[in-house]
There are 2 protein chains.
Amino acid sequence: MTYCVGIEVNDGLVFAADTRTSASFDDVRTYRKMHVFEFPGDRVFVVMSAGNLATTQATLSRIQRDLDDPQCSRSLRSFRHLFEAAEYVGEQLVASQAVLRDEPSNNGVNVQSTLILGGQIAGERPGLYMIYPLGNCIASSPETPYLQIGESKYGKPILDRILRRETPLEDAARTALVSLESTIRSNLSVGLPVDLALLRNGELKLGQQMRLESDSPVYADIQDSWSRKLEAAVRTLPRFPWEPALAAGDETPASLPNMPPRRVAAQRDPGDAQGQQ
Amino acid sequence: MTYCVGIEVNDGLVFAADTRTSASFDDVRTYRKMHVFEFPGDRVFVVMSAGNLATTQATLSRIQRDLDDPQCSRSLRSFRHLFEAAEYVGEQLVASQAVLRDEPSNNGVNVQSTLILGGQIAGERPGLYMIYPLGNCIASSPETPYLQIGESKYGKPILDRILRRETPLEDAARTALVSLESTIRSNLSVGLPVDLALLRNGELKLGQQMRLESDSPVYADIQDSWSRKLEAAVRTLPRFPWEPALAAGDETPASLPNMPPRRVAAQRDPGDAQGQQ
């Protein structure tokens, strides 16, 4: 179903998106969901999408057409405020949905899309907006400095616990990757590769932009490391009243459990003995 | 919406359930969702429920009526196999839903419930079943040794990462509490207090049964401790290629961040400057 998350901290913005697009179990493809409109030194916009892929692509085509047309007075290049850009993108989104809805028999297909638009225009602070299928939009708040679209529930707890406006930008990026990794692990409709982009406050061009596969060192390290840290953290949580106290050596979370090797020999079939009785 | 989780490990069973019941935002109450039928030395059953409260209560009333009736040949006391008990509970569930559906105008209310039934009958190993509104049921598997009902997505990633058949019983209980705490933190329809029960393999009576409030030492310690461990874990994840390496003192997860005190003075209103621009 997609999962994209945008984070707004004092240092700047983080964008992370998966790339799995599926109409159903037997129709799964990889499509970019993070789209960058960069005018270095003047303005940067990042759009992430969830929902109907056709609607999203039509929206982006309209935005690009207006950018390429020298006669067009309203385009991402012309606005002086980020909220005006958000309203404009909302208008393009509504126009794309309306065209598709004209089809007499759309078989109950949902043509709606939801977008995240983030970026910075020179002279303003960065901002992050969620644009609804209706075309209206909301900004992220200092109290909840992130926005999610798509399959958001699996990855929400870690964002709620960790993110504050003061969180350093790279820590926010790590949190976003953990949030995505938890979702990918627990839901089939969200998958690798993952697109990640960082926009530092005032730089007016993307600081970092990368595509992470399962064997990318950044992602693989986070995957391994996070699982081990979680297992160690669970084992060292406070004891129940009836349990003996942890042995002295076990208390420090520094003793991470040994991870099984990445490639293991095939195991014997464990058999059916543990099934329904 | 409820969140209950049952876990089956080699050492026994863990049951954890919230108690928030809501028809809507303005109709929120606290109701027990974990129901124990204990016949020490012979058999123990634990039923947890999600869905329509009236259906659940009717189901439990039927089960209790059959237990109290000496003439009744089929009750939780009579079955020799756990799957027979699960099928019986499914029949009671279907009967409770059918009665309610006879009402001509039920205003689109969903009268379905889903149950988790776990327990052990003397002479068998313990078992854990999910009973669907249709009355059929599935058992937990060694590969996925847990079952969830209700608002399950927030708390699923931690269960997927941590639980194996070999996980010690108390570690599984801690994992269940973390799973519930993550859900309570991120979703309004799941709330404290939390009921927790442990059934050790072969004991044929509940080992531990407790109700945890936000100020219960067990729950409060896990809440504080888990947040700190997560923040430390995020901060010590591998660095991105462009970042400087962690300072030597920062690498050990043993240096947990200081938690803010439980009671803080009221803060100045942060103002509206960070809102939509």
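Residues numbered from 1 in each chain as written. Chains lettered and ligands numbered in written order. Predicted model: local features only at pLDDT ≥ 70, side-chain atom pairs only at ≥ 80, totals over all residues. Heavy atoms only, no water.

Labelled according to an unreviewed UniProt entry, chain A appears under the name 20S proteasome subunits A/B, originating from Pseudoxanthomonas dokdonensis.

Asker: Looking at this model, I keep getting lost on the overall build of chain A. Mind explaining?
Answerer: Of the regular secondary structure elements, chain A holds six helices and twelve strands. Taking all 277 residues of chain A together, the buried fraction comes to 51%. Within chain A, counting contacts between residues at least 6 apart in sequence, those at least 24 apart form 63% of the total. (Helix = DSSP H or I, 4+ residues; strand = E, 2+ residues; numbered from the N terminus. Buried < 20%, exposed > 50% of the residue type's maximum accessible area, 1.4 Å probe, protein only. Contact = heavy atoms within 4.5 Å.)

Asker: Before we go on, may I ask you to explain the interface of chain B and chain A in this structure?
Answerer: Size of an interface: often given as the accessible area lost when the parts come together. In this assembly, 66 residues from chain B lie in contact with 67 residues from chain A. Interface area, chain B with chain A, both sides summed: about 5,900 Å², of which 60% is carbon and sulfur. Counting every contact that joins chain B to chain A gives six salt bridges. Between B:Arg161 and A:Glu181 there is a salt bridge whose closest N-O contact spans 2.6 Å. At the surface where chain B touches chain A, the tally comes to 18 residue pairs in polar contact (both at pLDDT 80 or more). (Buried area = accessible area lost by both parts, 1.4 Å probe. Salt bridge = Lys/Arg side-chain N within 4 Å of Asp/Glu carboxyl O. Polar contact = N/O pair within 3.5 Å; in protein donor to acceptor, adjacent residues only side chain to side chain.)

Asker: Just to check I follow, could you spell out the nonpolar core for this structure?
Answerer: The tendency in soluble globular proteins is for nonpolar side chains to be buried side by side. Core analysis: the biggest nonpolar cluster contains 68 residues, and A:Ile7 and B:Ile7 have the highest contact counts within it. Setting aside anything within four residues of it in sequence, one finds B:Ile7 in contact with B:Gly12, B:Leu13, B:Val14, B:Leu128, B:Pro145, B:Tyr146, B:Leu159, B:Leu163, B:Ala172 and B:Ala176. (Core = buried A, V, L, I, M, F, W, Y, C linked by side-chain atoms within 4.5 Å.)

Asker: I tried to follow the pairing of strand S3 (residues 20–24) of chain A on my own but got confused; where do I start?
Answerer: A regular strand carries its side chains on alternate faces of the sheet. All names here are of chain A. Sheet topology places S3 next to strand S4 (residues 27–30); four bridges connect them, and they run antiparallel. Bridge assignment links Ser24 to a residue of S4, and that residue is Asp27. Hairpin connection of S3 to S4: two residues between the antiparallel strands. (Pairing = 2+ DSSP bridges.)

Asker: Looking at this structure, I do not really get helix H4 (residues 169–186) of chain A. What am I missing?
Answerer: Every α-helix winds through 3.6 residues per turn, so residues three or four apart in the chain are directed the same way. Taking 1.5 Å per residue as the helical rise, H4(A) with its 18 residues ought to reach 26 Å, and the 26 Å between its terminal C-alpha atoms agrees with that figure. The buried count for H4(A) comes to 17 of 18 residues, which makes it a mostly enclosed element. (Expected span 1.5 Å × (residues − 1).)

Asker: Would you take a moment to explain the pattern of salt bridges for this structure?
Answerer: Residues and elements named next belong to chain A. Evaluated as defined, the whole model comprises 34 salt bridges over all chains. Across the pair Arg185 and Glu181 runs a salt bridge, and its minimum N-O distance is 3.4 Å. Of this pair, Arg185 and Glu181 both sit in helix H4, separated by four residues, roughly a single helical turn. The partly exposed category is assigned to Arg185, whose relative accessible area is 36%. On the accessibility criterion, Glu181 (2% relative accessible area) is buried.

Asker: I'm lost on the relation of the copies chain B and chain A in this one. Help?
Answerer: Copy one and copy two of the chain differ by a rotation about a common axis and a shift along it. Least-squares fitting of chain B to chain A yields an RMSD of 0.0 Å, with the superposition described by an axial translation of 0.0 Å and a rotation of 180 degrees. One copy is carried onto the other by what is essentially a two-fold rotation axis. It is B:Tyr154 whose C-alpha, among those of chain B, lies nearest the rotation axis, at 2.3 Å. Looking at the interface residues of chain B, 100% of them are also at the interface in chain A, so both copies use one shared face. (Least-squares fit on C-alpha atoms with pLDDT ≥ 70 in both.)

Asker: Would you mind going over the sheet that holds strand S11 (residues 194–200) of chain B with me for this structure?
Answerer: Strand pairing within a sheet occurs via backbone hydrogen bonds; the two strands may be parallel or antiparallel. Residue and element names in this part refer to chain B. If you trace the five strands from one edge of the open sheet to the other, you get S10-S1-S2-S11-S12, paired in antiparallel fashion. Of all strands in the sheet, those bounded by a partner on one side alone are strand S10 (146–150) and strand S12 (208–212). When strand polarity is set aside, the average angle formed by the axes of neighbouring strands in this sheet is 10 degrees. The strands that helix H4 (residues 169–186) touches are strand S1 (3–9), strand S2 (12–17), S11 and S12; relative to S11, the one it contacts most, it runs at about 160 degrees. (Axes fitted to C-alpha atoms, helices over the stretch in contact; angles between N-to-C directions.)

Asker: Is there a simple way to explain the packing of aromatic side chains in this structure?
Answerer: A ring pair, where both rings are aromatic, is described by two values, the distance of the centres and the angle of the planes. Inspection of every chain in the model, using the stated rule, returns four aromatic pairs over all chains. A ring pair is formed by A:Phe240 and A:Trp242, whose centres lie 4.7 Å apart and whose planes are at 5 degrees; its orientation type is stacked. When its relative accessible area of 3% is taken as the criterion, A:Phe240 is described as buried. Owing to a relative accessible area of 25%, A:Trp242 belongs among the partly exposed residues under this scheme. Geometrically, the ring pair formed by B:Phe79 and B:Tyr88 is tilted, given 5.2 Å between the ring centres and 50 degrees between the ring planes. Note on B:Tyr88: relative accessible area 1%, which makes it buried. (Phe/Tyr/Trp six-rings, centres within 6.5 Å; stacked < 30°, edge-to-face > 60°.)

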